[in-house]
Amino acid sequence: MATKKAKKPAKKAAKKPVKKAAKKAAPKKKAAKKKSARKPNAAFMKALTPSSALSAVVGSKAIPRTEAVKKIWVYIKANKLQDSKNRRMINADDKLKPVFGGKSQVSMFDMAKHLSKHLS
(Lines give C-alpha, C1' and ligand atoms only; values in the text may rest on other atoms or scores of the structure.)
Protein backbone atom coordinates (compact mmCIF):
# COMPACT_ATOMS: atom_id res chain seq x y z
CA MET A 1 0.00 0.00 0.00
CA ALA A 2 1.11 3.38 -0.83
CA THR A 3 1.38 5.63 2.06
CA LYS A 4 -0.50 8.80 1.81
CA LYS A 5 1.01 11.86 3.20
CA ALA A 6 -1.28 13.70 5.47
CA LYS A 7 -1.96 17.19 4.29
CA LYS A 8 -0.92 19.78 6.73
CA PRO A 9 -3.25 22.70 7.09
CA ALA A 10 -1.85 25.81 5.42
CA LYS A 11 -0.58 28.36 7.80
CA LYS A 12 -2.63 31.48 7.79
CA ALA A 13 -0.77 34.73 7.60
CA ALA A 14 -0.74 36.38 10.93
CA LYS A 15 -3.02 39.38 10.90
CA LYS A 16 -1.44 42.57 11.96
CA PRO A 17 -3.50 44.56 14.37
CA VAL A 18 -5.20 47.43 12.55
CA LYS A 19 -4.39 50.78 14.06
CA LYS A 20 -7.41 52.93 14.46
CA ALA A 21 -6.95 56.59 13.71
CA ALA A 22 -7.23 58.59 16.84
CA LYS A 23 -10.34 60.71 16.70
CA LYS A 24 -9.67 64.38 17.02
CA ALA A 25 -11.83 66.27 19.39
CA ALA A 26 -14.27 68.52 17.55
CA PRO A 27 -13.11 72.12 17.70
CA LYS A 28 -15.10 74.14 20.13
CA LYS A 29 -17.46 76.57 18.51
CA LYS A 30 -16.57 80.17 19.12
CA ALA A 31 -19.23 82.44 20.45
CA ALA A 32 -20.93 84.28 17.62
CA LYS A 33 -19.56 87.76 17.20
CA LYS A 34 -22.04 90.54 17.64
CA LYS A 35 -22.85 91.96 14.26
CA SER A 36 -22.42 95.68 14.14
CA ALA A 37 -24.83 97.80 12.19
CA ARG A 38 -23.94 97.67 8.53
CA LYS A 39 -22.28 100.84 7.36
CA PRO A 40 -23.65 102.13 4.05
CA ASN A 41 -21.28 103.02 1.25
CA ALA A 42 -20.68 106.77 1.13
CA ALA A 43 -21.28 106.85 -2.63
CA PHE A 44 -24.84 105.60 -2.16
CA MET A 45 -25.57 108.13 0.56
CA LYS A 46 -24.33 111.16 -1.37
CA ALA A 47 -27.18 113.61 -1.84
CA LEU A 48 -27.89 114.26 -5.53
CA THR A 49 -30.06 116.94 -7.06
CA PRO A 50 -32.85 115.61 -9.30
CA SER A 51 -33.54 117.18 -12.68
CA SER A 52 -36.76 119.10 -13.26
CA ALA A 53 -38.37 116.07 -14.92
CA LEU A 54 -37.46 113.78 -12.03
CA SER A 55 -38.35 116.36 -9.38
CA ALA A 56 -41.99 116.14 -10.54
CA VAL A 57 -42.00 112.57 -9.18
CA VAL A 58 -39.55 112.53 -6.23
CA GLY A 59 -39.50 116.18 -5.18
CA SER A 60 -36.94 118.92 -5.71
CA LYS A 61 -34.94 118.30 -2.53
CA ALA A 62 -31.48 116.70 -2.93
CA ILE A 63 -31.70 113.01 -2.00
CA PRO A 64 -29.44 109.95 -2.26
CA ARG A 65 -29.80 107.65 -5.28
CA THR A 66 -31.27 104.88 -3.13
CA GLU A 67 -34.03 107.15 -1.85
CA ALA A 68 -34.80 108.33 -5.39
CA VAL A 69 -35.28 104.71 -6.51
CA LYS A 70 -37.53 104.03 -3.50
CA LYS A 71 -39.67 107.08 -4.25
CA ILE A 72 -39.96 106.08 -7.91
CA TRP A 73 -41.20 102.64 -6.85
CA VAL A 74 -43.70 104.17 -4.43
CA TYR A 75 -44.98 106.32 -7.31
CA ILE A 76 -45.15 103.31 -9.67
CA LYS A 77 -47.07 101.17 -7.18
CA ALA A 78 -49.43 103.99 -6.15
CA ASN A 79 -50.36 104.70 -9.77
CA LYS A 80 -50.38 101.00 -10.81
CA LEU A 81 -47.86 101.56 -13.58
CA GLN A 82 -46.42 98.04 -13.56
CA ASP A 83 -47.53 96.06 -16.61
CA SER A 84 -50.16 93.52 -15.54
CA LYS A 85 -48.91 90.71 -17.82
CA ASN A 86 -45.15 91.30 -17.66
CA ARG A 87 -44.42 92.66 -14.18
CA ARG A 88 -40.83 93.54 -15.15
CA MET A 89 -42.07 96.31 -17.42
CA ILE A 90 -43.11 99.73 -16.20
CA ASN A 91 -45.65 101.75 -18.17
CA ALA A 92 -44.71 105.42 -18.12
CA ASP A 93 -47.35 108.07 -17.48
CA ASP A 94 -47.02 111.78 -18.31
CA LYS A 95 -44.67 112.45 -15.37
CA LEU A 96 -42.40 109.45 -15.97
CA LYS A 97 -42.15 109.66 -19.76
CA PRO A 98 -39.53 112.47 -19.74
CA VAL A 99 -37.54 110.58 -17.08
CA PHE A 100 -37.55 107.41 -19.21
CA GLY A 101 -36.30 109.24 -22.29
CA GLY A 102 -39.69 109.53 -23.97
CA LYS A 103 -40.33 105.76 -23.92
CA SER A 104 -43.80 104.59 -23.00
CA GLN A 105 -42.57 101.33 -21.46
CA VAL A 106 -39.25 100.59 -19.72
CA SER A 107 -37.84 97.47 -18.04
CA MET A 108 -37.32 97.78 -14.29
CA PHE A 109 -33.65 96.94 -14.87
CA ASP A 110 -33.27 99.83 -17.34
CA MET A 111 -34.95 102.21 -14.92
CA ALA A 112 -31.71 102.79 -12.96
CA LYS A 113 -29.91 103.67 -16.18
CA HIS A 114 -32.54 106.31 -17.01
CA LEU A 115 -32.55 107.65 -13.45
CA SER A 116 -28.79 108.19 -13.44
CA LYS A 117 -29.17 110.71 -16.27
CA HIS A 118 -31.52 112.79 -14.12
CA LEU A 119 -29.47 112.80 -10.89
CA SER A 120 -26.44 115.06 -10.53
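Residues numbered from 1 in each chain as written. Predicted model: local features only at pLDDT ≥ 70, side-chain atom pairs only at ≥ 80, totals over all residues. Heavy atoms only, no water.

Peer 1: Just checking my understanding: could you explain the nonpolar core for this structure?
Peer 2: Here is a general trend for soluble globular proteins: nonpolar side chains tend to be buried in one another's company. With 20 residues, the main nonpolar core has Leu54, Ile72, Ile76, Leu96, Phe100 and Met111 as its most contacted residues. For this core, the secondary-structure elements that each account for two or more residues are α2 (52–58), α3 (65–78) and α4 (108–116). When neighbours within four sequence positions are excluded, Met111 is seen to be in contact with Val69, Ile72, Trp73, Ile76, Ile90, Phe100 and Val106. (Core = buried A, V, L, I, M, F, W, Y, C linked by side-chain atoms within 4.5 Å. Buried < 20%, exposed > 50% of the residue type's maximum accessible area, 1.4 Å probe, protein only. Helix = DSSP H or I, 4+ residues; strand = E, 2+ residues; numbered from the N terminus. Contact = heavy atoms within 4.5 Å.)

Peer 1: Could you clarify how one ought to interpret unusual backbone geometry in this entry?
Peer 2: Generally, phi is negative for residues other than glycine and the peptide bonds are trans, each holding for most cases. In this model, Lys80 sits at a positive phi of 50 degrees, which is unusual for a non-glycine residue. With respect to the helices, strands and loops of the structure, Lys80 is situated in the loop between α3 and β1 (89–91). Taking the relative accessible area as the measure of exposure, Lys80 reaches 74% and is therefore exposed.

Peer 1: Whenever I open this one, the pattern of salt bridges confuses me. Can you help?
Peer 2: Side-chain pairs of opposite charge can arise where the charged atoms are in close proximity. Counted by the stated rule, this structure contains 1 salt bridge. The residue Glu67 makes a salt bridge to Lys70 at a minimum N-O spacing of 3.7 Å. Placement of the pair is Glu67 and Lys70 together in helix α3, with a separation of 3 residues, close to one helical turn. Residue classification places Lys70 among the exposed positions, given a relative accessible area of 51%. (Salt bridge = Lys/Arg side-chain N within 4 Å of Asp/Glu carboxyl O.)

Peer 1: So what exactly am I meant to see when it comes to the side chain of Asp83 here?
Peer 2: Within the secondary structure layout, Asp83 lies in the loop between α3 and β1. Buried within the structure, Asp83 lacks any salt-bridge partner; Lys85 is the closest side chain of opposite charge, at an N-O distance of 7.5 Å. (Lys, Arg positive; Asp, Glu negative; His and termini not counted.)

Peer 1: What is the right way to read the environment of Ala68 from this model?
Peer 2: The topology assignment puts Ala68 in helix α3. Note: C-alpha distance between Ala68 and Val57 (11 residues apart in sequence) is 9.2 Å. Sequence-distant contacts of Ala68, defined by excluding residues within four places in its chain, comprise Val58, Ile63 and Leu119.

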